[in-house]
Amino acid sequence: MIKKAGAFEIINHWVMAISCILLAVQGYGFLFHIEGIGSAFGGFNSMKTWHNYLGIAFSVSLFFSIFMYLKEALTFDSDDIGWITVLGGYLSHKVKVPPMGKINTGQKFFYLAVLIFGIGISASGYVIWLLPGNKQYILLSHIVHNISFVILMIAIPVHIYLGTIANPGTLRIMLSGTVPYQWAKKRHPKWVAEVERGHKA
Amino acid sequence: MARMGILVSPELCIGCRACQVACKSWNQLPGDKTVNRGGFENPPDLTPHLYNKIHYLEVPAATDVQRWLFVNQRCMHCDDAGCMKICPSPGALYKTKEGAVGINKDKCIGCKLCVAGCPFNVPRYDEKDKISKCHLCYDRIANGLQPACTKTCPTGALKYGDRDGLIGSAQKAGYAKVYGQTDLGGLGALYAFKDAPKVYGMDDKPAIPETVVFWHKVLKPLSYIGLGGVVAASLIHYVAIGPHKEKEEEEKKNG
């Protein structure tokens, strides 16, 4: 077995995942006036309080994620271009996917999207919450909040699908943080090589 | 029931502000502490405790030194109301059967988005962070009475009645175009203006902010079409292409 995620990274990801899902459910409740969702959080008044404080949890976990994934997500080489040309092998199990580092090209793009639109949805949320006096700021924040919401609601289900049933065994990274050596070597060979070089040195 | 409305005729207004007083009296609103700014307009703007007020305007006139205009300002009770469109809490803002935009403070969540959605800068927030604005005396009109402001107006500058009837009477009185007749689906507060709306301190073409319209027409549907689309695509992928299993490795290990 080989360690892919540490305890702090696992906890941080769960904080983000749970807050994000609850925030999204509340978002649909607010958008479409769904009384059932409002009731589940104790009415729309208390749902707004929940929404504000879960937003803090989400944005804090987003902040910590920067130190975990940003550097890797901004590192691109020719293998990433190869990955894009075969669409990551997602549409066929027969194609040969170029060797990947700790996170693959799709995960890099996903992380960058979550970071950009996560910052968008968090910052605009804080403006609506804390600076309600300025009409222009509120209108801008309202549209940024909702554009980010639409994009995250497309990106995150794909991430959940690929991290669970589409790739059986992947979810254990979020549970124990360790993955089988063979699995890692097949899917993230450049990362495994890096880890082994580090051990030797 | 027929849509009801208020017809405001600034040319008939004498600026007595009895409408402001009557509103405060009926709705039990406290007075606002203000300072003498050297004019009659007081308070200077709508407040959480001031649902309607007279705006005093001095404009140049052809024959006299100046022309004094008194324009009653309030919630316009839009048919297509920006505040209702943007409000995330069901029932906080609602339409009464007379066509007024009512408020329910218990359901207001204090987000203040309605302030940004209103084309007329009307909603205010009270000290409990709840929306506060003219509700056309929903409790009076539901019982066949007229709003406190129109009831008390001594000159007929404020008239309450059947909206179509008010438009008809204004046209008969010589006002070819009534302000608010068609804007935002038709306003509940109509204005009989002699000159361009700008002269009276009103927007020529009031409209809900474009970003709010875009959000309502495009982003709201996209938020569930996008989610539904990727969930469906994932299911199709799972069935058609299938999960990426580590069969070879398992076989190697076991064999």
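Residues numbered from 1 in each chain as written. Chains lettered and ligands numbered in written order. Predicted model: local features only at pLDDT ≥ 70, side-chain atom pairs only at ≥ 80, totals over all residues.

**Q** I keep staring at the overall build of chain A and nothing clicks. Help me out?
**A** Helix and strand counts for chain A come out as nine helices and two strands. Sorting the 201 residues of chain A into buried and exposed places 25% on the buried side. (Helix = DSSP H or I, 4+ residues; strand = E, 2+ residues; numbered from the N terminus. Buried ≥ 20, exposed ≤ 12 C-beta atoms within 10 Å, placed from the backbone.)

**Q** Any chance you could explain the overall build of chain B here in plain terms?
**A** Counting its secondary structure elements, chain B contains eight helices and nine strands. Taken against the 2.2 N^0.38 rule, which gives 18 Å for 255 residues, the C-alpha radius of gyration of chain B at 26 Å runs more than 25% over that of a compact globule. Based on the C-alpha atoms only, the size of chain B along its principal axes is roughly 105 × 40 × 40 Å. Classification of the 255 residues of chain B by burial places 37% in the buried group. Long-range contacts, defined here as pairs at least 24 residues apart, represent 59% of the contacts in chain B between residues at least 6 apart. (Rg over C-alpha atoms; globule rule 2.2 N^0.38 Å. Contact = placed C-beta atoms within 7 Å.)

**Q** Sorry if this is basic, but what is going on with the domain arrangement of chain B here?
**A** Annotation of chain B at the domain level lists domain 1 (4-200) and domain 2 (210-254). The C-alpha-based centres of domain 1 of chain B and domain 2 of chain B are spaced at 49 Å. (Domains from an automatic or database assignment.)

**Q** What should I look at first to understand the interface of chain B and chain A in this one?
**A** Residue-level contacts link 30 residues of chain B with 33 residues of chain A. Of all the secondary structure elements, the ones that give two or more residues to the side of chain B that touches chain A are α3 (113-117) and α7 (210-240) of chain B. With 13 residues, α7(B) is the largest single contributor of residues to the side of chain B that touches chain A. Of the residues assigned to the side of chain B that touches chain A, the class counts are 17 nonpolar, seven polar and six charged. (Nonpolar A, V, L, I, M, F, W, Y, C, P; charged D, E, K, R; others polar.)

**Q** Would you take a moment to explain the sheet that holds strand β8 (residues 158-162) of chain B for this structure?
**A** Two orientations exist for strands paired in a sheet by backbone hydrogen bonds: parallel and antiparallel. Residues and elements named next belong to chain B. With respect to topology, three strands assemble into an open sheet ordered β8-β1-β9, the strand pairing being mixed. Edge strands, defined here as strands with exactly one partner in the open sheet, are β8 and β9 (189-191). With direction set aside, neighbouring strand axes in the sheet form an average angle of 30 degrees. Of the strand pairs in this sheet, strand β1 (residues 4-8) and β9 are connected by three bridges, and their pairing is parallel. Looking across to β9, one finds that I6 is bridged to A189. (Pairing = 2+ DSSP bridges. Axes fitted to C-alpha atoms, helices over the stretch in contact; angles between N-to-C directions.)

**Q** Looking at this structure, how should I read the environment of K3(A)?
**A** All names here are of chain A. With respect to the element layout, K3 can be found in strand β1 (residues 2-3). Judged by the 12 C-beta atoms lying within 10 Å of it, K3 is exposed. Placed 174 residues apart in sequence, K3 and G177 show a C-alpha to C-alpha distance of 5.9 Å. Setting aside its immediate chain neighbours within four residues, K3 contacts G177 and T178.

**Q** Can you walk me through the nonpolar core in this structure?
**A** Side chains that are nonpolar tend, in soluble globular proteins, to be buried together. Counting 65 residues, the largest nonpolar core has V8(B), C83(B), C114(B) and L190(B) as its most contacted members. Core analysis: the second largest hydrophobic core is formed by seven residues, F149(A), V150(A), L152(A) and M153(A) among them. (Core = buried A, V, L, I, M, F, W, Y, C linked by C-beta atoms within 7 Å.)

**Q** Got a minute to help me understand α7(B) in this structure?
**A** Along an α-helix, a turn takes 3.6 residues, which lines up residues three or four apart on a common side. Residue and element names in this part refer to chain B. Counted at 1.5 Å a residue, the expected span for α7 with its 31 residues is 45 Å, and the 42 Å between its end C-alpha atoms agrees. The sharpest bend along α7 reaches about 35 degrees and sits at H216. The set of residues buried in α7 consists of V212, W215, S223 and V230. Phi turns positive one or two residues past the end of α7, at G242, with a value near 90 degrees. (Expected span 1.5 Å × (residues − 1). Bend = angle between axes of the 7 residues up to and from the residue.)

**Q** Which parts of the structure should I look at to understand the confidence of the model for chain B?
**A** Detailed reading of the predicted coordinates is not advisable wherever pLDDT falls low. Per-residue pLDDT for chain B has a mean of 93; in total, 96% of the residues score no lower than 70. ipTM for the predicted complex: 0.91, alongside a pTM of 0.93. (pLDDT = per-residue confidence, 0-100.)

**Q** What am I meant to see in unusual backbone geometry here?
**A** For residues besides glycine, phi is generally negative; the peptide bonds are generally trans as well. Residues and elements named next belong to chain B. In this model, N42 is joined to P43 through a cis peptide bond whose omega is -10 degrees. A positive phi angle, near 50 degrees, is found at H77, a position not held by glycine. Topologically, H77 is positioned in the loop between β3 (67-73) and α2 (82-86). A count of 30 C-beta atoms within 10 Å places H77 in the buried class.

**Q** I would appreciate a short explanation of the environment of S124(A) in the present structure.
**A** Residues and elements named next belong to chain A. Positionally, S124 belongs in helix α5 (residues 105-130). For S124, a count of 22 C-beta atoms within 10 Å puts it in the buried group. Separated by 14 residues in sequence, S124 and I138 have C-alpha atoms that sit 8.2 Å apart. In this structure S124 touches S141, V144 and H145, once residues within four positions along its chain are discounted.

**Q** When you look at the packing of α5(A) against helix α6 (residues 135-163) of chain A in this model, what are you seeing that I'm missing?
**A** Residue and element names in this part refer to chain A. With their axes 8 Å apart at the nearest point, α5 and α6 run at an angle of 145 degrees to one another. Note on packing geometry: the crossing formed by α5 with α6 is left-handed. Side by side, α5 and α6 meet where F110, A113, V114, F117, G120, I121, S124, G125, V127 and I128 of the first sit next to Y137, I138, S141, H142, V144, H145, S148, F149, I151, L152, A155 and H159 of the second. In terms of residue class, the contact of α5 with α6 is built from 14 nonpolar, eight polar and no charged. (Left-handed = near helix turned anticlockwise from the far one by under 90°.)

**Q** How should I be thinking about helix α6 (residues 163-172) of chain B in this particular structure?
**A** Residues and elements named next belong to chain B. Residues of α6 that are buried: R163, L166 and A170. Projected down its long axis, α6 carries its buried residues within an arc of 60 degrees, all on one side. Those residues of α6 that are exposed and aimed more than 90 degrees away from the buried face are D164, G168 and K172. If you follow the buried residues of α6, they end up packed against β1, β8 and β9. Positive phi appears at G174, one or two residues downstream of α6, with a value of about 105 degrees. (Arc of directions from axis to C-beta.)

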